[in-house]
Amino acid sequence: MSEVRVRFAPSPTGLLHIGGARTALFNWLFARHFGGRMILRIEDTDTARNTPEAVAIIFKGLRWLGLDWDEGAQEGGGNLGDYGPYYQSQRSELYQKYAARLLAADQAYREADGAIRFRMPRTPGVVRDLICGEITFDRTTEPDPTIVRKDGTPVFHFVNVVDDMEMRVTHVIRGEDHLSNTHKHIAMFEALGALPPRYAHIPLILNPGGSKMSKRDVGASIGEYIEQGYLPAAVRNYLCLLGWSPKDNREVIGISEVIEKFDLPQINRGNARFDLNKLYWLNGEYWKALTADEYHAYAKNYLQQRGVSVGGIDAQYLAGVFDIVREKIKLGRDLPDWVEPFFNEEFAYDEKSLMVTLREPEARARIEKLSAAFGTVGEWTAARLEETLKALAAADGVKAGAYVHPCRAGVAGRAVGPSLYHMLEVMGQERVLARLRRTLTMNF
RNA sequence: GACCCUAUCGUCUAGAGGCCUAGGACACAUCCCUUUCACGGAUGCGACACGGGUUCGAAUCCCGUUAGGGUCGCCA
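This structure is a prediction, so every number in the text was calculated from the model and none was measured.

Quick notes on the rules
- Residues numbered from 1 in each chain as written.
- Chains lettered and ligands numbered in written order.
- Predicted model: local features only at pLDDT ≥ 70, side-chain atom pairs only at ≥ 80, totals over all residues.
- Heavy atoms only, no water.
- Helix = DSSP H or I, 4+ residues; strand = E, 2+ residues; numbered from the N terminus.
- Rg over C-alpha atoms; globule rule 2.2 N^0.38 Å.
- Buried < 20%, exposed > 50% of the residue type's maximum accessible area, 1.4 Å probe, protein only.
- Contact = heavy atoms within 4.5 Å.
- Areas by Shrake-Rupley, 256 points an atom, 1.4 Å probe, with all protein chains shown as cover.
- Lys, Arg positive; Asp, Glu negative; His and termini not counted.
- Charge placed at Lys NZ, Arg CZ, Asp CG, Glu CD.
- Pairing = 2+ DSSP bridges.
- Near = heavy atom within 4 Å.
- Polar contact = N/O pair within 3.5 Å; in protein donor to acceptor, adjacent residues only side chain to side chain.
- Axes fitted to C-alpha atoms, helices over the stretch in contact; angles between N-to-C directions.
- Salt bridge = Lys/Arg side-chain N within 4 Å of Asp/Glu carboxyl O.
- Expected span 1.5 Å × (residues − 1).
- Phe/Tyr/Trp six-rings, centres within 6.5 Å; stacked < 30°, edge-to-face > 60°.
- Lys NZ or Arg CZ within 6 Å of the ring centre and 35° of its normal.

Peer 1: Quick rundown of the overall build of chain A? Include the residues and the values.
Peer 2: The number of helices and strands found in chain A is 18 helices and 13 strands. Rg of the C-alpha trace for chain A: 30 Å, well past the compact-globule value of 22 Å for 444 residues, more than 25% over. By its C-alpha atoms, chain A is 100 × 45 × 35 Å across when sized along the principal axes. Buried positions account for 49% of the 444 residues belonging to chain A. Counting contacts in chain A only where the partners sit at least 6 residues apart, residues at least 24 apart contribute 72% of the total. For chain A, the accessible surface area stands at approximately 20400 Å², while carbon and sulfur atoms represent 50% of it. Treating the 55 positive side-chain charges of chain A as one cloud and the 57 negative ones as another, the clouds have centres 2 Å apart.

See below:
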């Protein structure tokens, strides 16, 4: 096989769609597996929604997923590679040239209003798809597709073919929604005297309701995952599993291994429904697998992006807080809330800690005893604090929980949170005692 | 409506004629662990769409039906 050249050709719609992201991923995987080249072409012929911001969202999403490209459109509007420009909006002359050529050869004709139509061959259209197999389309009643509108702008099917030809694309890997149109593309290649690329149509991603995932569906945009603090490797791993499988019962699989094993024939033919639950679980697996440094850097960065300033906080304290919170959550989204009571002395008391715990008749007395005992505890470690608290409970003949709950509520204002003793250890004696004292002065 | 694709637990999938009383994962349920919430561990629930063939034998091959999805644009 000569050098593999694949392309991902998104149109700027304002978001990077999850289906598009998977198409990009499969193209990328194929290119990397065969040592080929990945090309990014921006299909921005629809001028209405073509804005620099919309294009930037595509770059951002691909970069975030770790999908790089060897050739094509670049951030800032640049082009990299010998077959550019890679923005269709900058290739109008080329399309005009090829339309004229088709017209001259009578393979296309002009309508009264100026639009140009391609003369469809009336022979059966045969598509040999690398995933779907050989399919034959009857074209006896197929209308001639428009390739240039009456206003002179070229139509998608035509520019797609011209660009794939000009850019020497060898394999077109795209969504199955294009399968029924592929014979038209092949006919255009042939009319232009070019060899068509090999086609591979991958199944669609359906929403939980079972229809094609649209931009309005929850989870449809890669931007959502960035914002919610999903880990890119987890999202990428999940996308790999939609229509492809390592076939050995593993779910968590490193990208280099996917590259090694990936090939087109093993891709499933049936559409797959999107399951946010499984992605969430998978993200948890990657969350746990992060090294301490990676996790700390991620947490700090995410919080800052969410407008939570952690700049002035002692690095060691910050790391301690991050560490005890980590095992309780699965993604960045939960970080701000879990971390809040550690950084903010004005933390809010949630309803449950207030109503159920702090208003209990014995709560006040227990917090007083806790204050006294913690004030003279000596070594401020989780183990020592646990011992101290349990001794208090034992002396009263009650379960540890009777002390744990008011303590947690008083110190963090929450009914749920990280392991209490570790939380106290991280917070430090001074802060804990101050908060307990303050709780006593409050009127619930 | 015409054409095309697809059809294994609720979901993602393993399965390419006997290894299948169909395996794994998510979700769900129960139990264990436990100060909460998670995590983890154990167990359970749960599928070959239906009908015909072919074959000694079919989840696997063929045909039909049904269902789902897609395409039929001077959208991409």
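After presenting the structure, the write-up continues.
Peer 1: Tell me what's going on with the pairing of strand 7 (residues 125–129), and back it up with residues and numbers.
Peer 2: The side-chain alternation of strand 7 yields one buried face, formed by Gly125, Val127 and Asp129, and one unburied face, formed by Val126 and Arg128. Relative to strand 8 (residues 133–137), strand 7 runs antiparallel, the two being bridged by five bridges. Opposite Asp129, over in strand 8, you have Gly133 as the bridge partner. What sits between the antiparallel neighbours strand 7 and strand 8 is a turn of three residues.

Peer 1: So what's going on with the protein's contact with RNA strand B? Residues and values would help.
Peer 2: Taken together, 59 residues are adjacent to RNA strand B, and Ser11, Asp113, Arg149, Arg269 and Lys328 come closest. The protein-proximal atoms of RNA strand B, defined as those within 4 Å of the protein, are 72% sugar or phosphate. One of the side-chain N or O atoms of Ser11 is found 2.6 Å from a sugar or linking oxygen in RNA strand B. Asn181 places a side-chain nitrogen or oxygen 3.3 Å from a sugar or linking oxygen of RNA strand B. Listed by contribution, the elements that provide at least two residues to the surface near RNA strand B are strand 8, helix 4 (156–166), strand 13 (272–273), helix 9 (276–289), helix 16 (401–412) and helix 17 (420–427). Here the element with the most residues in the surface near RNA strand B is helix 9; it accounts for five residues.

Peer 1: Break down the sheet that holds strand 5 (residues 108–110) for me, citing the residues and quoting the values.
Peer 2: On the basis of which strands lie adjacent, the open sheet formed by three strands has the order 5-6-9 and antiparallel pairing. Taken across any chain shown, the strands that pair with only one partner, and hence form the sheet edges, are strand 5 and strand 9 (146–148). Across this sheet, the average inter-strand angle for adjacent strands is 35 degrees, counted without regard to direction. Relative to strand 9, strand 6 (residues 116–118) runs antiparallel, the two being bridged by two bridges. Bridge assignment links Arg117 to a residue of strand 9, and that residue is Thr146.

Peer 1: Requested: an account of the pattern of salt bridges, with residues and values cited.
Peer 2: Under the definition given, this model contains 30 salt bridges. In this structure, the salt-bridge partner of Asp177 is Lys212, at a minimum N-O distance of 3.1 Å. In this pair, Asp177 sits in the loop between strand 10 (171–175) and helix 5 (182–191) while Lys212 sits in the loop between strand 12 (205–206) and helix 6 (222–228), placing the two residues 35 residues apart along the sequence. By relative accessible area, which is 37% here, Asp177 ends up partly exposed. Put simply, Glu340 and Arg414 hold a salt bridge, and the shortest N to O gap is 2.6 Å. Separated by 74 residues along the polypeptide, Glu340 in helix 12 (residues 335–343) and Arg414 in the loop between helix 16 and helix 17 bring together distant segments of the chain.

Peer 1: Outline helix 10 (residues 292–305), listing residues and values.
Peer 2: Relative to the 20 Å expected for 14 residues at 1.5 Å per residue, helix 10 spans 20 Å between its end C-alpha atoms, a close match to the ideal helical length. Gly307, located one to two residues past helix 10, shows a positive phi value of around 85 degrees.

Peer 1: Hey, could you go over the side chain of Thr182 for me, with residue numbers and the actual values?
Peer 2: By secondary structure assignment, the location of Thr182 is in helix 5. Residue classification places Thr182 among the buried positions, given a relative accessible area of 0%.

Peer 1: Outline the packing of aromatic side chains, listing residues and values.
Peer 2: Going through the model one piece at a time under the given rule, you end up with 13 aromatic pairs. Centre to centre, the rings of Phe59 and Trp69 are 5.9 Å apart; their planes meet at 15 degrees, and the pair counts as stacked. Here Phe59, found in helix 2 (residues 52–64), pairs with Trp69, found in the loop between helix 2 and strand 3 (71–73); they are 10 residues apart in sequence, far enough to count as distant. The same class applies to Phe59 as to Trp69, namely buried. Counting every residue linked through ring pairs, the aromatic cluster contains Trp287, Tyr295, Tyr298, Tyr302 and Phe322. Of note, Arg438 hangs over the ring of Phe347, and the distance from its end group to the ring centre comes to 5.1 Å.

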